[in-house]
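Here's the letter readout for the chains.
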Amino acid sequence: MILDSKSPSGQLAEKWTSHKFNVKLVNPANKRKYEIIVVGTGLAGASAAASLAELGYKVKAFCFQDSPRRAHSIAAQGGINAAKNYQNDGDSVFRLFYDTIKGGDYRSREANVFRLAQVSVNIIDQCVAQGVPFAREYGGLLANRSFGGAQVSRTFYARGQTGQQLLLGAYSALSRQVANGKVKLYPRTEMLDVVTIDGKAHGIVTRNLITGAIESHSAHAVLLCTGGYGNVFFLSTNAMGSNVTAAWRAHKKGAYFANPCYTQIHPTCIPVSGDHQSKLTLMSESLRNDGRVWVPKTIEIAEKLRKREIKPQDIPDEDRDYYLENKYPSFGNLVPRDVASRNAKYVCDEGRGVNETGEAVFLDFRDAILRDGEDTVRSKYGNLFDMYQQITGENPYKTPMKIYPAVHYTMGGLWVDYNLMTTIPGLYALGEANFSDHGANRLGASALMQGLADGYFVIPYTVGDYLATQPYDKPAEDHPAFKKAESEVKERIERLLSIKGEKSVDYYHKKLGKVMWNYCGMARSADGLAKAKTMIRELKEEFWRNVRVLGAGEELNQSLEKANRVADFLELGELMIDDALNRKESCGGHFREEYQTPEGEALRDDENYAYVAAWEYKGEGQEEKLHKEELVFENVKLTQRSYK
Amino acid sequence: MSWVTKTLNSTLGQKLLMALTGFFLILFLVVHLAGNLQLLIPDNGESFNLYAHNMAINNFIRSVSIINFGLILLHVVYSVILTKHNKKARPVGYAETDASTNSTWASRNMGILGTLILIFLLVHLRGFWYRLKFGSPDKVLLGDTEVDNAFIIVVEAFKNPIYVGFYVISMVFLAFHLSHGFASAFQTLGINHKKYTPLIQKVGLGFAILIPTLFAMIPIVMYIQSL
Amino acid sequence: MNLTLKVWRQKNASDKGGFREYKVKDISADMSFLEMLDVLNEELLEKGEDPVHFDHDCREGICGMCSLHINGKPHGPSQTTTCQLHMRSFKDGQTITIEPFRAKAFPVVKDLVVDRGAFDRIIQSGGYVSVNTGGVPDANEIPIPKVLADEAFDAATCIGCGACVAACKNASAMLFVSAKISQLSLLPQGRVERKERAEKMIAQMDKEGFGACTNTGACSAECPKEIKLSNIARMNREYFKASVTTENV
């Protein structure tokens with residue numbers, strides 16, 4: 001199969017406009033005859049479900065949480081980018097497009113990214129109309145800030161809770177459609193398989209998490225808005241429930257999985273404090289605007305710190321290494337996420353880490369407090385400082401914060417074309433679940449933008465193009481394909497319950513996470529990856545032989561839910577390693593130690609790797625097949641990033 | 001008028017009734033206190049008896065007092081309805097609660113305080129109002145009109161230290177009831193403002209201390225005088 | 001530290017349920033409360049006992065999924081969510097009582113898991129601005145005074161965890177409902193439907209079986225997002241004004 005991105009021809013700026021004109025339309029009176037399943041109710045899912053219902057389609061929306069409002073989009077702190085140019089500082093749709101392509105290390109599709117920048121302005125309008133309380137200036141107009149090292153102020157924000165406010169906006173739009181009877185909501189319901197009939201997606205099989213009932217839902221199209229797979233690392237900033245299951249089952253049913261190795265590691269997270277740790281908490285990147293990153297100059301001082309023989313605030317400046325400022329004089333502490341993360345790893349690998357685990361660096365506000373006063377710092381970062389103190393028990397006004405990188409976002413995901421359709425006709429992937437817009441690295445404040453762009457402004461147009469060609473009748477839910485999928489799901493659950501082994505699901509999840517973090521994390525090498533592949537295979541084999549899941553399938557059973565998800569992570573982990581092995585270059589969130597510049601920066605190979613790696617599942621135990629979508633750059637010149 | 005019943009039957013409407021009747025009862029307390037303080041004027045009960053007589057014959061006052069009884073009844077009935085509703089909202093209770101850290105004792109026990117005040121009210125009415133209205137009180141000549149000697153009934157009653165004690169304790173209950181009820185009524189009516197709410201709370205607290213204290217003074221002073 | 005846990009166990013909605021006592025050992029002060037429960041569950045699993053079920057997801061204090069009534073207070077001793085509560089708030093040897101949130105409108109599903117669907121239904125009854133996607137004015141077309149925007153934001157930070165209901169002696173949901181009504185009635189976008197919204201949301205709230213407000217202030221004192229009591233006063237105003245002035249007879 002040749003991957004056709006379906007990117008429209010013509011001028012970059014005209015592509016989306018002409019595409020919107022060229023797509024087929026569904027007559028308003030006929031929309032109610034089509035049923036669409038939306039899995040996941042985060043920014044992408046809730047906005048898509050609401051918008052499609054407003055158009056007149058019948059929508060079923062599913063989430064595993066107890067309410068759609070809990071989806072993990074809610075945890076995004078920083079903000080949302082939009083090319084509004086309200087600040088008159090030289091922003092434009094083209095600049096946002098350019099920054100996103102460049103930030104993604106030239107591994108994303110031009111047409112998609114340009115469309116994203118175009119609709120970004122509509123998102124802000126839409127959210128404001130819904131009553132999202134964005135930050136405002138005293139004159140009553142919207143405020144912006146510069147974010148993640150961008151040279152313009154284009155980020156809209158709602159204190160440190162932008163994701164929450166945007167999600168509640170989308171959730172309210174969704175709730176309105178539930179009240180109108182256009183959306184039927186299925187909370188605490190997890191999708192466990194996609195059902196295809198004649199090669200087209202026609203529904204899903206779900207498990208009711210309360211009763212354990214396995215049910216089929218038939219539809220004309222299925223939208224997966226199920227987020228990213230960062231939890232393959234066990235420790236990440238993702239929610240405990242975030243998982244790859246929906247995307248992975250779709251992959252096994254024929255949807256290609258693109259660029260799985262592109263993982264974003266966020267530099268400012270609260271470090272791991274011990275083995276009990278269940279998740280990592282992000283501290284907003286905005287902290288790097290005023291905080292200075294450092295470690296001691298010598299291993300000896302670092303050791304004293306780890307033994308708590310000296311206090312960080314007592315270390316004089318001449319013994320401190322402000323390594324980002326020294327190495328990157330022009331960007332300093334504001335270098336992109338991957339650069340900041342990798343350098344933290346380097347200094348810790350040298351033995352200069354500052355906490356008991358040796359995996360932490362300081363983020364120091366001493367100078368900001370001296371310069372601007374504690375009150376100013378408090379007004380900017382008060383809630384983040386409180387959060388830090390709550391978690392660590394340390395007061396960041398008095399002693400420097402400790403931070404360390406953690407897995408935060410996955411740029412890879414299901415391969416989709418310009419219409420957001422996967423390689424299975426009728427199956428779409430939106431938001432973090434797809435691979436399309438961020439290339440090898442995502443810019444700060446762009447995840448919210450992409451989720452909402454896909455849901456509010458892309459899918460309402462593109463889904464019609466497919467549905468217009470489909471008959472009104474949909475397959476019945478007792479169609480053999482549904483029955484078969486149901487029995488497969490049931491078999492798998494029974495198998496998990498019948499192993500009755502010795503180790504808990506978390507045991508395997510933690511082990512998998514360690515392998516992934518050590519060999520497929522911030523830095524990767526051919527040797528390490530090869531080793532990891534064997535380890536994961538062994539782990540997977542052991543899991544299916546020795547995992548212990550108690551209870552029954554016909555009840556609320558949280559261990560069973562976890563087991564189902566971890567089983568998929570074990571398979572995904574292997575594919576990530578294959579992808580990382582295949583990509584013999586360094587780009588964005590994928591850093592291969594063999595491919596770096598003499599200064600230790602990522603070294604791309606545009607000649608051989610300017611393509612999307614889309615993987616096709618070939619069956620249990622088989623190597624997956626690589627398909628390449630060559631990336632064509634007509635509007636930007638590929639350059640090496642430099643933050644010196 | 002279905003919208004009226006709909007509004008008043010909602011939890012908010014029922015609370016509104018509690019607040020409005022509460023406000024009226026607060027006003028009543030002030031008026032009642034003003035009258036009763038005349039018991040302490042050293043004129044052998046003349047001003048008090050005159051006041052009691054005028055209260056009894058003035059048609060306006062009489063209709064207001066009927067309304068007053070009605071509103072007390074409404075305040076009681078709705079508190080019962082709301083309490084039952086609120087109990088139903090949590091059929092299974094907690095094994096452990098630590099509410100003292102999040103709210104005042106009075107605010108959580110308005111029902112108990114109200115019940116105690118109601119008992120007091122019944123005893124109070126039986127002791128004075130009933131005897132004046134349905135008993136055969138002594139008469140006294142006031143100028144050239146013969147009026148009921150209400151003063152002597154009060155004097156007799158407050159010779160009993162147990163009775164005095166009951167009155168004083170009941171006023172403590174009233175004080176606690178008011179300490180929450182006063183400001184709470186404003187909140188229910190939707191009056192909450194950065195500038196004025198702290199003032200309302202202070203006034204409410206002052207009111208809750210002052211009015212019951214003055215009420216309690218009457219039996220105490222009269223008991224001391226009787227010794 | 002070593003602790004004794006008194007945990008509510010209930011097989012399902014129809015089971016009567018009761019407390020079970022467990023001991024946990026070597027708990028680090030740096031653990032979050034939920035991580036301490038993870039430790040307990042690992043031990044139970046090893047012994048072949050059914051793990052304790054509890055709701056949680058983001059574990060960073062924003063999704064509102066975690067609940068638990070800990071030692072007599074929703075989300076435990078500090079004014080935060082249970083996932084942000086850390087074991088340094090407890091002492092070695094302490095007994096900790098863990099119960100589900102209790103309210104008729106929040107029926108227990110299993111162990112410590114409750115069903116808070118009532119909150120969703122209240123939002124569905126009117127907690128939105130009726131705009132469709134597209135066709136909206138430019139975001140800067142309607143200036144909103146910063147003070148109003150900030151006040152709306154304060155109300156909008158509600159995470160829908162239900163601690164207000166759990167803390168209230170009447171299991172009242174007024175703080176939750178008033179937060180949404182406040183947010184939308186403060187903003188020009190929400191004002192268009194403010195009357196209908198107040199009437200519908202309060203009708204739904206009553207229908208769900210929540211109690212009435214007695215202004216104890218416990219809800220606000222326990223709210224992890226510090227939603228203010230003044231929102232309830234605003235809701236009362238909105239509702240009474242709506243009742244008197246709408247044409248819905």
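Check the entry above for the structure.
Residues numbered from 1 in each chain as written. Chains lettered and ligands numbered in written order. Predicted model: local features only at pLDDT ≥ 70, side-chain atom pairs only at ≥ 80, totals over all residues.

## Focus on the overall build of chain B
The criterion, for reference: Numbered from the N terminus, helices here are DSSP runs of H or I no shorter than four residues, and strands are runs of E no shorter than two. Note on burial: count the other C-beta atoms lying within 10 Å of the residue's C-beta; 20 or more is buried, 12 or fewer is exposed, in between is partly exposed, and C-beta positions come from the backbone. A pair of residues counts as a contact when their C-beta atoms, built from backbone coordinates, are within 7 Å of each other.
Scanning chain B from terminus to terminus reveals nine helices and two strands. Secondary structure elements in chain B, listed N-terminal to C-terminal, are α-α-α-α-α-α-β-β-α-α-α. The principal-axis extent of the C-alpha atoms belonging to chain B is close to 60 × 45 × 40 Å. Expressed as a percentage of its 227 residues, the buried residues of chain B come to 30%. Considering only intrachain contacts with a sequence separation of at least 6, the fraction spanning at least 24 residues in chain B is 77%.

## A closer look at the overall build of chain C
Of the regular secondary structure elements, chain C holds nine helices and seven strands. With respect to the three principal axes, the spread of C-alpha positions in chain C is 60 × 35 × 35 Å. Buried residues in chain C amount to 63% of all 249 residues. A separation threshold of at least 6 residues defines the contact pool for chain C, and within that pool the share at least 24 residues apart is 69%.

## Some thoughts on the interface of chain A and chain C
Which entries qualify depends on this criterion: Gly is placed with the polar residues, together with every amino acid not listed as nonpolar (Ala, Val, Leu, Ile, Met, Phe, Trp, Tyr, Cys and Pro) or charged (Asp, Glu, Lys and Arg).
The interface is formed by 62 residues belonging to chain A together with 64 residues belonging to chain C. Of all the secondary-structure elements, those providing two or more residues to the side of chain A that touches chain C are α3 (43–55), α5 (110–130), α6 (162–179), α12 (374–392), α13 (447–467) and α17 (558–582) of chain A. At nine residues, α6(A) tops the list of elements feeding residues into the side of chain A that touches chain C. In the side of chain A that touches chain C, the residues fall into 23 nonpolar, 26 polar and 13 charged.

## Description of the interface of chain B and chain C
Each partner contributes to the interface: chain B provides 36 residues, whereas chain C provides 39 residues. Looking at the side of chain B that touches chain C, the elements with two or more residues in it are α1 (2–9), α2 (11–36), α4 (59–88), α5 (105–108) and α8 (161–188) of chain B. For the side of chain B that touches chain C, the element with the highest residue contribution is α2(B), accounting for five residues. In terms of residue class, the side of chain B that touches chain C is made up of 13 nonpolar, 17 polar and six charged.

## Description of the packing of helix α15 (residues 505–519) of chain A against α17(A)
All names here are of chain A. To keep it simple, the criterion reads: Here, axes are lines fitted to C-alpha atoms. For helices the fit covers the stretch in contact, and angles between N-to-C directions go from 0 to 180 degrees. Any angle between 65 and 115 degrees counts as roughly perpendicular, while under 35 counts as roughly parallel, over 145 as roughly antiparallel, and the rest as oblique. Left-handed describes a crossing whose near helix is turned anticlockwise from the far helix through less than a right angle; right-handed describes the clockwise counterpart.
Contact pair α15 / α17: the axes reach a minimum separation of 9 Å and the direction vectors enclose 25°. Taken together, the axis directions place α15 and α17 in an arrangement best described as roughly parallel. For the pair α15 and α17, the sense of crossing is left-handed. Within the contact between the two elements, α15 uses Val505, Tyr508, His509, Leu512 and Met516 and α17 uses Ser559, Lys562, Ala563, Val566, Phe569, Leu570 and Gly573. Class assignment of the residues belonging to the contact of α15 with α17 gives a composition of eight nonpolar, three polar and one charged.

## A look at the arrangement of the chains
By contact count, the dominant pairing among the two pairs of chains in contact is that of chains A and C. When C-alpha atoms are compared, chain A and chain B, though not in contact, are closest at a spacing of 20 Å.

## As for the sheet that holds strand β2 (residues 58–62) of chain A
Residue and element names in this part refer to chain A. Put simply, the rule is: Strand pairing is assigned whenever DSSP identifies at least 2 bridges connecting the two strands.
The five strands are arranged β5-β2-β1-β9-β17 in an open sheet whose pairing can be described as parallel. Looking at strand neighbours, the two that pair on one side only are β5 (183–186) and β17 (427–429), the edges of this open sheet. Averaged over all pairs of adjacent strands, the angle between strand axes in this sheet comes to 20°, irrespective of strand direction. Bridging between strand β1 (residues 35–39) and strand β9 (residues 221–224) involves four bridges; their strand directions are parallel.

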